[in-house]
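# Observations on chain architecture
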Amino acid sequence: MAGDDEKPSRSRSRERTLVSCCSNKRTRRDIPSSSEQSRLSLNDLQPLLIEILHRLPSTQSAFLCKCVCKNWYSLISSPYFSGRFITHHFNHHYKQNPSALFISYWSKPSWNVLFTFSDEPMFKFRGFELSYLPERNGYVRVSAIVNDLMLCCVAKIEIGMLQYYICNPFTMQWIALPLLEADYMNDYKVGFVCEPYYFEDSQGESFINSKYRFRVVHFTRVESTQIVMKTYCSETQKWYRSVLEGSEFWWITDVVAHNGKLLWCNREHIFAYDPFNPELFTSINCSYMQTRLLPAIGKCFGVRQGFLCLMELVGVGIDRTFHIWKLKDYNNGEWSLEDHVSLNAMIPESSLVQEIVDGSENKLKPLGFHPSDGNIVYLHFQTYVISLNTRTKELKMAGKIPGVRDSFCHGKVFHVELPLWPTPIAKPIEILPCY
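Residues numbered from 1 in each chain as written. Predicted model: local features only at pLDDT ≥ 70, side-chain atom pairs only at ≥ 80, totals over all residues. Heavy atoms only, no water.

An unreviewed UniProt entry lists the protein under the name F-box domain-containing protein, with Populus tomentosa given as the organism.

Written out as structure tokens, the structure is:
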């Protein structure tokens, strides 16, 4: 009967096994899903990811990593990450931010931003084509550039309005400002100032200024003694109107942004207007410059190596001379003549350049300053852009502007800078320290 005794023991063994399995059984609700396990592990790894990713060699590589997954996109887009990235590169790999010179000009049927003096591949980025803006007629005009932010304008002639956009060509982010009523019959200028997205305090600590402010100022000359200013405030998202009384405020140059102020020049003064503090309006005397006694063929007012400079081509015929003045003391209005180069002393690199200079008569004009090399300035004649080295006196062909037959009209020159981290265009939040 051994077989009969074995059956109950086997039965009891199966019962014990079944009881054991039932006691260890877990419901489906008790078992974490694969997505929960992944989320938990990613959250645990986030500090490690930041430590790895903020050491990437360039902003471009960091932005490419945004495509890996939503978690990486959110992490790299955060102000905390950009702060860590900026601080690390400031302390270990900092060098002067790459910059370029852009020319915006009219070439029927559209405005173009295409002429650039830079080998940096980021300045060839398609964001500079502005095709992502909600305008399809091609009449988008660049009005001003501050660091890596562009102020663009579209004239809505059918409704008598101007549509301004602020965009970042490196990220293709943009915002539209409220429509501004325009007076197309009068002369106008536009200025744009913006606080930096990141900065260092006196102790060398870096900060992200997520709540950066900006101002757009539309100047219109409506009467012989009156200039109307319409200022857009980023905090209130509204336009405000004010008036400058006096014919002395008229301009002969474009409006230039420098150190948070907007500046323009007439024949005897440079005016400085602070849009963040409208009551701080100052003028700088420049009447003692000897060039006032000579006929000026062309003027170029801009920033060169961090200083305000005025470049003029004075004289006629073979006596034409380039003068470059630098504002040495902003408070006292002290100027110095930095460069004085006669056309006769210049050394053309080729016969073509020589022919252009000889045949330009009084049509060779100042165009702009090199964004990083203080010795180089740019001139233009018709569609040709020529570089002049004020130290070596060399003249070189910088390029020929395409798409134009005889001469580009209403051309404007801008400096564009590629910062350590692109300025985001988003709703401001707060100022965060970079650790």
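Attention now moves to the packing of aromatic side chains. All chains considered together, the criterion is met by 16 aromatic pairs. For the pair Tyr164 and Trp239, a centre-to-centre distance of 6.0 Å together with 45 degrees between the ring planes defines the contact as tilted. On the criterion of sequence distance, the pair formed by Tyr164 in strand S5 (residues 161-168) and Trp239 in strand S13 (residues 238-245) is long-range, its members being 75 residues apart. On the accessibility criterion, Trp239 (17% relative accessible area) is buried. An aromatic cluster is defined as three or more aromatic residues linked by ring pairs; in this entry it consists of Tyr164, Phe192, Phe214, Tyr232 and Trp239. In this structure, Lys326 packs its charged tip against the face of Phe307, placed 4.4 Å from the ring centre. (Phe/Tyr/Trp six-rings, centres within 6.5 Å; stacked < 30°, edge-to-face > 60°. Helix = DSSP H or I, 4+ residues; strand = E, 2+ residues; numbered from the N terminus. Buried < 20%, exposed > 50% of the residue type's maximum accessible area, 1.4 Å probe, protein only. Lys NZ or Arg CZ within 6 Å of the ring centre and 35° of its normal.)

Strand order in this open sheet of 5 strands is S22-S26-S25-S24-S23, and the pairing throughout is mixed. Either end of the sheet is taken by a strand with one partner, and the two such strands are strand S22 (347-348) and strand S23 (365-369). Pairing of S22 with strand S26 (residues 394-400), which is carried by 2 bridges, proceeds in the parallel orientation. Opposite Pro348, over in S26, you have Leu395 as the bridge partner. (Pairing = 2+ DSSP bridges.)

Take the pattern of salt bridges next. According to the stated counting rule, one finds 8 salt bridges in the structure shown. When the shortest N-O distance is used, the salt bridge between Glu51 and Arg55 registers 3.1 Å. A cluster of three or more residues bridged by salt bridges with shared partners is formed by Glu195, Arg213, Arg215 and Glu235. (Salt bridge = Lys/Arg side-chain N within 4 Å of Asp/Glu carboxyl O.)

Quick look at the sheet that holds strand S16 (residues 269-273) now. The strand order S14-S15-S16-S17 describes an open sheet built from 4 strands, whose pairing is antiparallel. Strands with a single pairing partner mark the edges of an open sheet, and in this sheet they are strand S14 (256-258) and strand S17 (281-285). When the angles between neighbouring strand axes are averaged without regard to direction, this sheet yields 30 degrees. One ladder, built from 3 bridges, connects S14 with strand S15 (residues 261-265); its direction is antiparallel. Paired with Ala257 across the bridge in S15 is Leu262. (Axes fitted to C-alpha atoms, helices over the stretch in contact; angles between N-to-C directions.)

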